[in-house]
Amino acid sequence: MKISLIQAILIGVVYYLGINGTPWLSLVGTHGWMRPLVNGTVVGLILGDPVQGCIIGAAINLPYLAFISAGGTVAMDPALAGTLGTALAMAAKVEPAVAVTLAVPIGLLGTLIWVAHMTVDITFVHMADKAAEEGKIDRINWLHIVPPQLFLLLITVVPVALAAYLGADAVEGIVDALSGRPLDVLSAIGGILPALGIAMNLRAMNGKGTLLFFTFGFMFAIYSGLPSVPIAVFALIIGYVFTELYLKDKNGGLI
């Protein structure tokens, strides 16, 4: 698959929305748009196959199930893994398991963009402090929005667009060269990484009754034979009833 320049730029914009704390246009903010399941689907839509983008994005999302950004630190970048990983995987026409092995190193490289973003933004904060001392409210508002967003747009859209436009053929060539046993090994590794993400997510489920609900949902999904949509509706109803009946005290607040 050949990625056009326009498509590459749009993929860069998807990454910009994923790493951006301000929910421009998307109205879902970073924590929704940054997920590979979401941005992978959008990338698939840009490349003309949203279903395949969703499938690859879902596979890439699994290692990042327990991802959190504590204290502003980012050990990996699921937004970059989802956008660029899905784009390159679709261009190279690889299986989702192989796409995971391509995306995880890309996600690690995304930390460089995040560090650059946070480091340069400190400059705008100092400029806003000076404007505050001078009582220039309009300049504070301008420094809070315009320069950081322009800089973020520059360091996200440009490198991702170039990587998607110029790197697609290179990745496809590498995948062709690795066909056979090396590609089988990459597929096996790609199958292990999602298991790691699921294990990390299970470890985080230490709330009262959480694992019980998870086990029930897993068994119900396996043995009921129902599609995922009605199961999700049942889960929503059960969660609402449980919250209303057991997680509220006499004053109506959560325990």
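Everything quoted here is computed from the prediction, not taken from an experiment. (Residues numbered from 1 in each chain as written. Predicted model: local features only at pLDDT ≥ 70, side-chain atom pairs only at ≥ 80, totals over all residues. Heavy atoms only, no water.)

(A) View of the overall build of the chain. Within the chain, the secondary structure is distributed over ten helices and zero strands. Counting from the amino terminus, the chain carries its helices and strands in the arrangement α-α-α-α-α-α-α-α-α-α. Scored against the burial criterion, the 255 residues of the chain give a buried share of 35%. A fraction of 71% describes how many contacts in the chain between residues 6 or more apart in sequence connect residues 24 or more apart. Accessible area of the chain: about 14,700 Å², with a carbon and sulfur share of 72%. (Helix = DSSP H or I, 4+ residues; strand = E, 2+ residues; numbered from the N terminus. Buried < 20%, exposed > 50% of the residue type's maximum accessible area, 1.4 Å probe, protein only. Contact = heavy atoms within 4.5 Å. Areas by Shrake-Rupley, 256 points an atom, 1.4 Å probe, with all protein chains shown as cover.)

(B) Examining helix α5 (residues 78–92) more closely. The end-to-end C-alpha distance of α5, which contains 15 residues, comes to 20 Å, matching closely the 21 Å that a straight helix rising 1.5 Å per residue would cover. Structurally, the start of α5 carries an N-cap: the backbone nitrogen of A79 is 3.1 Å from a side-chain oxygen of D77. Following α5 by one or two positions, K93 adopts a phi angle in the positive range, close to 55°. (Expected span 1.5 Å × (residues − 1). Polar contact = N/O pair within 3.5 Å; in protein donor to acceptor, adjacent residues only side chain to side chain.)

(C) Here's a closer look at a nonpolar patch on the surface. Together, F213, F216, L226, V229, V233, F234, I237, I238, Y240, V241 and L245 make up a nonpolar patch on the protein surface, roughly 1,000 Å² of accessible area in all. Here F216 shows up in helix α9 (residues 210–224). (Patch = residues over 30% accessible without salt bridge, like charges linked within 9 Å, V, L, I, M, F, W, Y side chains within 5 Å. Salt bridge = Lys/Arg side-chain N within 4 Å of Asp/Glu carboxyl O.)

(D) Representation of the packing of aromatic side chains within the structure. Going through the model one piece at a time under the given rule, you end up with two aromatic pairs. Both rings, one in F216 and one in F220, keep their centres 6.0 Å apart while their planes meet at 20°; by these two values the pair is stacked. In this pair, F216 and F220 both sit in helix α9, four residues apart, roughly one turn of the helix. Assessed through its relative accessible area of 48%, F216 is described here as partly exposed. (Phe/Tyr/Trp six-rings, centres within 6.5 Å; stacked < 30°, edge-to-face > 60°.)

(E) Here's a closer look at the packing of helix α3 (residues 36–46) against helix α4 (residues 50–61). It is the contact of α3 with α4, at a shortest axis distance of 7 Å, that shows an interaxial angle of 155°. Accordingly, the angle class assigned to the pair α3 and α4 is roughly antiparallel. Of the two elements, α3 crosses α4, and the hand of that crossing is right-handed. Packed against α3, whose contacting residues are P36, L37, G40, T41, G44 and L45, the element α4 presents P50, G53, C54, G57, A58, I60 and N61 at the interface. (Axes fitted to C-alpha atoms, helices over the stretch in contact; angles between N-to-C directions. Parallel < 35°, antiparallel > 145°, perpendicular 65-115°, else oblique. Left-handed = near helix turned anticlockwise from the far one by under 90°.)

(F) Quick peek at the pattern of salt bridges. What the rule picks out here adds up to one salt bridge. Across the salt bridge formed by E134 and K136, the nearest N and O atoms sit 3.1 Å from each other. Classification of E134 as partly exposed rests on a relative accessible area of 43%.

(G) A look at the UniProt feature "transmembrane region" (unreviewed entry) in the chain. UniProt records the feature "transmembrane region" (unreviewed entry) at residues 6–25, 37–60, 66–90, 97–117, 150–171, 183–205 and 211–242, using the numbering of this structure. Here residues 37–60 is 88% helix and 0% strand, with 7 Å between the C-alpha atoms at its ends. For the annotated span residues 211–242, helix accounts for 91% and strand for 0% of the residues, and the straight-line distance between the end C-alpha atoms is 15 Å. (UniProt positions renumbered as here; feature names shortened; annotations may be inferred.)

(H) Seen up close, the environment of V43. By the element assignment, V43 lies in helix α3. The class of V43 is buried, set by a relative accessible area of 0%. In this structure the C-alpha to C-alpha distance between V43 and G85, which are 42 residues apart in sequence, comes to 9.8 Å. Among all residues touching V43, those that are not within four sequence positions of it are I11, V14, T83, T86 and A87.

(I) Fine view of α3. Within the span of α3, buried status applies to P36, N39, G40, V43, G44 and I46. One side of α3 holds all its buried residues, which, seen down the axis, span an arc of 155°. Directly beyond the C-terminal end of α3, a positive phi value near 90° is found at G48. (Arc of directions from axis to C-beta.)

(J) The nonpolar core, seen in detail. I3, I11, Y15, L47, L80 and L84 are the most contacted members of the largest nonpolar core, which totals 40 residues. Contributing elements (two or more residues each) for this core: α1 (5–19), α3, α4, α5, α6 (96–133) and α7 (137–177). For this core, the element with the most residues is α5, which contributes ten residues. (Core = buried A, V, L, I, M, F, W, Y, C linked by side-chain atoms within 4.5 Å.)

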